[in-house]
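Residues per chain, in single letters:
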Amino acid sequence: MIPDALIMAVHFTRTRWQLDFRERSKLEAWQQAGIQRFLREVLPRAPRFQGLSPRSLAELPTMDKAAMMANFHDYNTHGVQLDAAFDIGFRAENSRDFAPMLGAGPNALTVGLSSGTSGNRGVFLVSRAERLRWAGILLARALPQHLLKRLLTPWAPPLRIAFFLRANSNLYTTLNSRRIDFAFHDLLLGVEPAVPRMNASQPDILVGPPSLLRALAAEAQAGRLRIRPSHVISVAEVLETQDAEAIRAAFGVATHQLYQATEGFLGYTCEHGTLHLNESCVHIEPEWLDAERTRFQPVITDFTRETQLIVRYRLNDVLRVAPQPCPCGRAERAIDAIEGRADEVLWLPERDSGKAEAIYPDLIRRAMLFAGPTVREFELTQSGMTLHIGLLAEGDRAEAISCVSTQLDLLWRTMNIQPPTLAFTDWQPAQPGVKRRRVRMAQAPEGLKCTF
Ligand SMILES: [Zn+2]
């Protein structure tokens with residue numbers, strides 16, 4: 001068997017230097033070649049696609065998480081049933097031992113659970129080849145130049161990565177090697193036990209959701225956490241400006257983003273800080289949400305996966321495109337922001353027509369930012385024509401409420417929207433390990449047709 005590190009190195013090298021497209025036409029030609037091979041050789045191995053011989057992706061139906069979970073067996077090429085996969089996933093999650101795999105030997109599969117509310121859990125399968133490929137590509141896209149040099153210098157100390165996630169996985173420990181020292185920190189335990197561990201190990205790279213990185217920044221500001229990471233990467237949640245600023249103030253570096261989901265490694269920030277879609281590895285069709293083509297839901301096809309097939313899979317994310325091309329010159333589409341999941345978009349009626357108007361979470365976050373420094377934390381849930389706002393105030397609470405009301409009122413007026421009722425409550429911190437969602441639509445106003 002070819003050693004893991006060598007396979008990773010091949011993917012790393014290819015991604016970093018060969019899949020560095022500057023012309024859109026070349027990128028698309030590369031994608032098409034990959035897609036054609038995928039349609040011919042891989043697709044027929046999954047029961048769902050047997051008997052079809054599509055000439056292009058457009059001939060295939062779209063799918064989503066619910067469809068995949070309802071017909072799990074049909075979407076993978078190893079004949080794995082959903083129960084068997086969930087069984088391993090749940091056992092790992094409960095015991096916090098994330099090593100067990102499905103099957104044995106070189107064909108064993110890594111099983112992971114994807115987060116989501118209890119009704120929305122997913123499970124994913126990854127083969128050894130896919131795991132190594134993922135690790136190689138991730139490093140190629142995420143490592144800045146100065147750390148790459150260190151990685152490739154045999155006598156330099158290994159790169160130390162501190163990784164905060166809800167669950168560990170064989171996927172991540174794949175990164176462990178002679179040159180990389182990978183430490184998993186369990187998000188469920190929070191920051192406290194991590195502080196002494198990190199003070200002892202002095203990580204070069206911090207990876208975690210922004211809410212956690214921000215908590216670490218506070219520990220550093222308080223003098224308890226004494227580390228000097230030279231690279232900080234945010235994953236799993238939307239990175240907000242305030243988080244990025246707090247992290248920069250504490251560690252003196254900009255926060256980079258990895259747009260990584262169960263469904264694949266979808267995007268990364270370049271040296272200019274722009275988020276690019278990882279289109280040299282994943283085909284991403286935009287499903288436009290507005291006539292001006294500023295926002296879309298991505299429909300993804302990973303033409304390199306061979307175990308669990310992701311084919312024209314609609315993600316529940318809303319992406320906002322960058323208004324200008326990135327100065328780095330990459331041909332991969334530049335994204336201004338990941339605005340969050342589609343159920344983070346609020347819907348309110350327009351003042352005159354009563355037509356449903358989408359209010360993107362980014363607009364709410366901006367209004368809260370403009371409400372000023374008295375607002376320390378917030379969480380907003382729409383239920384019908386009422387917005388429930390959990391608020392943590394710095395100092396005078398009445399003043400914070402008044403500032404928030406003024407800013408939201410301004411937003412409704414600017415958008416010409418019927419103002420909803422605001423109901424303020426105390427802010428509650430999220431349970432450790434639970435993904436923070438600041439803006440959420442629980443229930444749309446009655447009779448309002450809320451579709452893009
Ligand atoms: Zn760029």
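Residues numbered from 1 in each chain as written. Predicted model: local features only at pLDDT ≥ 70, side-chain atom pairs only at ≥ 80, totals over all residues. Heavy atoms only, no water.

> Just checking my understanding: could you explain the coordination of the zinc ion for this structure?
Coordination angles at a metal have ideal targets, namely 109.5 degrees for four tetrahedral donors and 90 or 180 degrees for six octahedral donors. Distances from the zinc ion to its protein donors, Cys-270 (SG), His-276 (NE2), Cys-326 (SG) and Cys-328 (SG), fall within 2.1 to 2.3 Å. Around the zinc ion sit 4 donor atoms; with metal-centred angles ranging over 102 to 118°, the donor geometry is tetrahedral. Each donor residue of the zinc ion lies on one chain, and together they are spaced C-x5-H-x49-C-x1-C. With a gap of 52 residues between them, His-276 in strand S9 (residues 275–277) and Cys-328 in the loop between strand S13 (317–321) and strand S14 (334–341) connect regions that are remote in the sequence. (Donors = N, O, S within 2.8 Å, 3.2 Å for Na, K, Ca; no water. Tetrahedral: all angles 85-135°; square planar, octahedral: opposite > 155°, others 65-115°. Helix = DSSP H or I, 4+ residues; strand = E, 2+ residues; numbered from the N terminus.)

> How do you make sense of the domain arrangement of the protein chain when you look at a structure like this?
Many descriptions give the size of an interface as the accessible area lost when the pieces come together. One can read the domain layout of the protein chain as domain 1 (1–342) and domain 2 (345–443). Summarising the inter-unit geometry, the C-alpha centres of domain 1 and domain 2 are found 30 Å apart. Every contact between the two is made by 19 residues of domain 1 and, on the other side, 12 residues of domain 2. When domain 1 packs against domain 2, the two sides together hide about 1500 Å² of surface, and 46% of this comes from carbon and sulfur. When the buried area of domain 1 at its contact with domain 2 is split by residue, Glu-237, Glu-240 and Glu-339 rank highest and sum to 29% of it. One can count 2 salt bridges joining domain 1 with domain 2. Taking the shortest distance from any N to any O, the salt bridge between Glu-240 and Arg-365 comes out at 3.7 Å. Across the domain 1-domain 2 interface, the total number found is 1 residue pair in polar contact (both at pLDDT 80 or more). (Domains from an automatic or database assignment. Contact = heavy atoms within 4.5 Å. Buried area = accessible area lost by both parts, 1.4 Å probe. Salt bridge = Lys/Arg side-chain N within 4 Å of Asp/Glu carboxyl O. Polar contact = N/O pair within 3.5 Å; in protein donor to acceptor, adjacent residues only side chain to side chain.)

> Hey, could you run me through helix H1 (residues 4–18) in this one?
Residues that lie three or four places apart on an α-helix share one face, since the helix turns once every 3.6 residues. An ideal rise of 1.5 Å per residue puts 21 Å on 15 residues; H1 measures up with 21 Å between its terminal C-alpha atoms. Inspection of H1 places Ile-7, Met-8, His-11, Phe-12, Thr-15 and Arg-16 among the buried residues, and these make up the whole buried set. Burial along H1 is one-sided: seen end-on, the buried residues are contained in an arc of 150°. Structural note: H1 exposes Trp-17 and Gln-18 on the side pointing more than 90 degrees away from its buried face. Summarising the contacts, the buried residues of H1 are in contact with helix H5 (128–142) and helix H6 (145–152). (Expected span 1.5 Å × (residues − 1). Buried < 20%, exposed > 50% of the residue type's maximum accessible area, 1.4 Å probe, protein only. Arc of directions from axis to C-beta.)

> Help me out: how do you make sense of the packing of H1 against H5 in this one?
For any two helices packed against each other, the geometry comes down to the angle between their axes and how far apart the axes lie. Running from amino to carboxyl end, H1 crosses H5 at an angle of 45°, the nearest separation of the two axes being 7 Å. The angle between the axes of H1 and H5 places the two elements in the oblique class. Two packed elements cross with a definite hand, and for H1 against H5 that hand is right-handed. Counted together, Asp-4, Ile-7, Met-8, His-11, Phe-12, Thr-15 and Arg-16 of H1 and Arg-128, Leu-132, Arg-133, Ala-135, Gly-136, Ile-137, Leu-139, Ala-140 and Arg-141 of H5 form the full contact between these two elements. A class-by-class count of the residues in the contact of H1 with H5 yields 8 nonpolar, 3 polar and 5 charged. (Axes fitted to C-alpha atoms, helices over the stretch in contact; angles between N-to-C directions. Parallel < 35°, antiparallel > 145°, perpendicular 65-115°, else oblique. Left-handed = near helix turned anticlockwise from the far one by under 90°. Nonpolar A, V, L, I, M, F, W, Y, C, P; charged D, E, K, R; others polar.)

> Could you clarify how one ought to interpret H6 in this entry?
Within H6 the residues assigned to the buried category are Leu-147, Leu-148, Arg-150 and Leu-151. Summarising the axial view, the buried residues of H6 lie within an arc of 160°, below the 170-degree limit, and thus occupy one face. For H6, the exposed residues set more than 90 degrees away from the buried face come down to Lys-149 and Leu-152. Elements that come into contact with the buried residues of H6 comprise H1, strand S3 (159–165), strand S4 (180–186), strand S5 (205–208) and strand S6 (231–234).

> Looking at this structure, how should I read the packing of aromatic side chains?
The description of an aromatic ring pair uses the distance of the two centres, along with the angle that the planes make with each other. Within the structure shown, the criterion is met by 6 aromatic pairs. With centroids separated by 6.3 Å and ring planes inclined at 35°, the aromatic side chains of Phe-21 and Trp-30 adopt a geometry described as tilted. Overall, the relative accessible area of 14% leaves Phe-21 in the buried class. Between Arg-48 and the ring centre of Phe-49, over which it is positioned, the NZ or CZ distance is 5.7 Å. (Phe/Tyr/Trp six-rings, centres within 6.5 Å; stacked < 30°, edge-to-face > 60°. Lys NZ or Arg CZ within 6 Å of the ring centre and 35° of its normal.)

> Got a minute to help me understand unusual backbone geometry in this structure?
Where the residue is not glycine, phi is negative for most of them; where a peptide bond is considered, it is trans in most cases. Of note, the phi angle at Arg-293 is positive, near 60°, even though the residue is not glycine. Secondary-structure assignment places Arg-293 in the loop between strand S10 (283–288) and strand S11 (295–301). One non-glycine residue with positive phi stands out, namely Asn-416, at about 55°.

> Could you clarify how one ought to interpret the pairing of S10 in this entry?
Both faces of the sheet carry side chains from a regular strand, because those side chains alternate between them. Both S10 and S11 contribute to a ladder of 6 bridges, which runs antiparallel. Looking across to S11, one finds that Trp-288 is bridged to Phe-296. Taking the residues between adjacent antiparallel strands as the criterion, S10 and S11 are bridged by 6 residues, where Arg-293 takes a positive phi near 60°. (Pairing = 2+ DSSP bridges.)

> Looking at this structure, how should I read the pairing of S6?
Residues His-231 and Ile-233 line one face of S6 and the alternating positions Val-232 and Ser-234 line the opposite face, and both faces are buried. Looking at chain direction, S5 and S6 are connected through 4 bridges and run parallel. Residue Gly-208 lies in a different strand from S6, and its bridge partner there is Ser-234. Considered for its hand, the β-α-β crossover made up of S5, helix H9 (residues 210–221) and S6 is right-handed. (Right-handed = clockwise from strand over helix to strand, strands pointing away.)

> Help me understand the packing of H9 against helix H10 (residues 241–251), please; the structure alone is not making it clear to me.
Where H9 contacts H10, the two axes come as close as 9 Å, and the packing angle between them is 35°. Regarding H9 and H10, the two cross each other, and that crossing is left-handed. Residues Pro-210, Leu-213, Arg-214, Leu-216, Ala-217, Ala-220 and Gln-221 of H9 form the contact with H10, whose own contacting residues are Gln-242, Asp-243, Ala-246, Ile-247, Ala-249, Ala-250 and Phe-251. By residue class, the composition of the contact of H9 with H10 is 10 nonpolar, 2 polar and 2 charged.

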